[in-house]
Amino acid sequence: MANASVTAAACANIAFIKYWGNRPGGLNLPLNPSISMTLSGCVSTTTVTLGTSGAPDRVELGGAPAEPAAFVRATRFLDHVRRAAGRAESAQVASSNSFPTGCGIASSASGFAALAAAAAGAYGLGADPRELSRLARLGSGSAARSLYGGFVELRPGSRHEESFAEPIAPESAWPDLRDVVLILSEAEKKVSSAEGHRFAETSEMFAGRLAAIPERAARVRRAILDRDLTALGEASEADALSMHAVMMTSNPPLFYWSPRTLAAMEAVRAMRHRGLEAYFTIDAGPNVHVLTRARDLVAVQEALRAALDAPMLCCSPGPGAQRRETAP
Ligand code: DP6
């Protein structure tokens, strides 16, 4: 359907078992399985409209032309879509986020999931979820997970066909799980995840991390199905610490934490000590995600406010990507 405009929306996600380290070759093929929860309310909405063949792509983020690095990343992704579809038309992309960038929620996951769904629609690719997930992975590894709602696992692989995400359970499986995002810094990270993945294997701790993941991932899958916050939280903290140990011991070493990150981890531990169940997880940045139950949300937010005085965002398990087509 040439010149159709297709719009898709997708939510960000937070990983309990982190994806860190990939194979060389630029296909974002992870070296380990990762497991995440799709985050309600943190939505990227992206419209793709096809233009004439050979014309340059146009990419707008939040109403303004994309910065050069983001533009290149988007057009490379569109090249993958065009190759898969056997089409040559240029694309006009307009994307916006419902959440502030730099808030510790990866906009690349929701952004590339929405772009994959919208571009696949515009260029006439099918809507097979596995295929869309593989496609989104080419833009950003974690985006492969954002195609699905609820709780999702991304398979590692050594070939493009092998690595895609699959649902573990829908959002309705654990509706009262909460992720409180503590925004400790809005500064852009110095080393992007895309770059950081390349250094993972230089850490002497990486082999140990890979060896520990199958058992930890099994615990997380079981915890999701059993709605067991204690098991989920303990495994998520262990996995985040293992990933950051790899980051800190890679060459070059990557330090994403700030003193306030440590203070937040300490505050979460102190809450548990007082009988308030909460657990932290941290991506490639200083901001801290705190997992808890809906009934403890107010108490957890109060404790975090008292310890850190930082803005917070609260998310529940969210839905998968959705798209709608509009006539040319
Ligand atoms: C630490 O390569 O998906 O968040 O560079 O933003 O595309 P982008 O990130 P990506 O790596 C994600 C790394 C992580 C862990 C995770 O989400 O699994």
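Residues numbered from 1 in each chain as written. Predicted model: local features only at pLDDT ≥ 70, side-chain atom pairs only at ≥ 80, totals over all residues. Heavy atoms only, no water.

(A) Inspection of the site of the ligand at higher detail. By nearness alone, 15 residues border the ligand, and Arg-73, Ser-108, Ser-140, Ser-142 and Arg-145 come closest of all. Ser-140 has a polar side-chain atom sitting 2.6 Å from an oxygen atom of the ligand. With respect to the ligand, the side chain of Arg-145 contributes an N or O atom lying 2.8 Å from an oxygen atom. Notes on the ligand: free accessible area 460 Å², of which the protein chains cover 94%. Two domains each provide a minimum of three residues to the shell around the ligand, namely domain 1 (5–173) and domain 2 (177–315). (Near = heavy atom within 4 Å. Polar contact = N/O pair within 3.5 Å; in protein donor to acceptor, adjacent residues only side chain to side chain. Areas by Shrake-Rupley, 256 points an atom, 1.4 Å probe, with all protein chains shown as cover. Domains from an automatic or database assignment.)

(B) Representation of the pattern of salt bridges in the model. One pass over the full model with this rule turns up 16 salt bridges. Glu-89 serves as the salt-bridge partner of Arg-87, at 3.0 Å between the closest nitrogen and oxygen. We note a salt bridge from Arg-159 to Glu-162, for which the minimum N-O separation is 3.4 Å. Classification of Arg-159 as partly exposed rests on a relative accessible area of 45%. Bridged by salt links that share partners, the residues Asp-57, Asp-79 and Arg-82 form one connected network. (Salt bridge = Lys/Arg side-chain N within 4 Å of Asp/Glu carboxyl O. Buried < 20%, exposed > 50% of the residue type's maximum accessible area, 1.4 Å probe, protein only.)

(C) Quick peek at the packing of aromatic side chains. For the structure on display, the rule yields 3 aromatic pairs. Ring geometry for Phe-77 versus Phe-112: centroids 5.5 Å apart, planes at 75°, classification edge-to-face. Placement of Phe-77 in helix H1 (residues 68–85) and of Phe-112 in helix H2 (residues 107–122) is noted, with a sequence separation of 35 residues between them. Its relative accessible area of 9% is what places Phe-112 among the buried residues. (Phe/Tyr/Trp six-rings, centres within 6.5 Å; stacked < 30°, edge-to-face > 60°. Helix = DSSP H or I, 4+ residues; strand = E, 2+ residues; numbered from the N terminus.)

(D) Summary view of the pairing of strand E6 (residues 151–154). Of the two faces of E6, the one carrying Phe-151 and Glu-153 and the one carrying Val-152 and Leu-154 are both buried. Pairing analysis gives 4 bridges linking strand E2 (residues 34–53) to E6, with the strands arranged antiparallel. When the sheet's bridge partners are listed, Ile-35 is paired in E6 with Glu-153. Of the strand pairs in this sheet, E6 and strand E7 (residues 165–169) are connected by 4 bridges, and their pairing is antiparallel. The residue of E7 that forms the bridge with Val-152 is Pro-167. (Pairing = 2+ DSSP bridges.)

(E) A look at the domain arrangement of the protein chain. If you check the domain split of the protein chain, you get domain 1 (5–173) and domain 2 (177–315). Placing a centre on the C-alpha atoms of domain 1 and another on those of domain 2 gives a separation of 23 Å. For the pair domain 1 and domain 2, the two sides together bury roughly 2900 Å², of which 70% comes from carbon and sulfur. Area buried by domain 1 at its contact with domain 2 is led by Phe-16, Lys-18 and Trp-20, which between them contribute 30% of it. Inspection of the region where domain 1 meets domain 2 yields 2 salt bridges. Between Lys-18 and Asp-283 there is a salt bridge, with its nearest N and O atoms 2.7 Å apart. One can count 7 residue pairs in polar contact (both at pLDDT 80 or more) joining domain 1 with domain 2. (Buried area = accessible area lost by both parts, 1.4 Å probe.)

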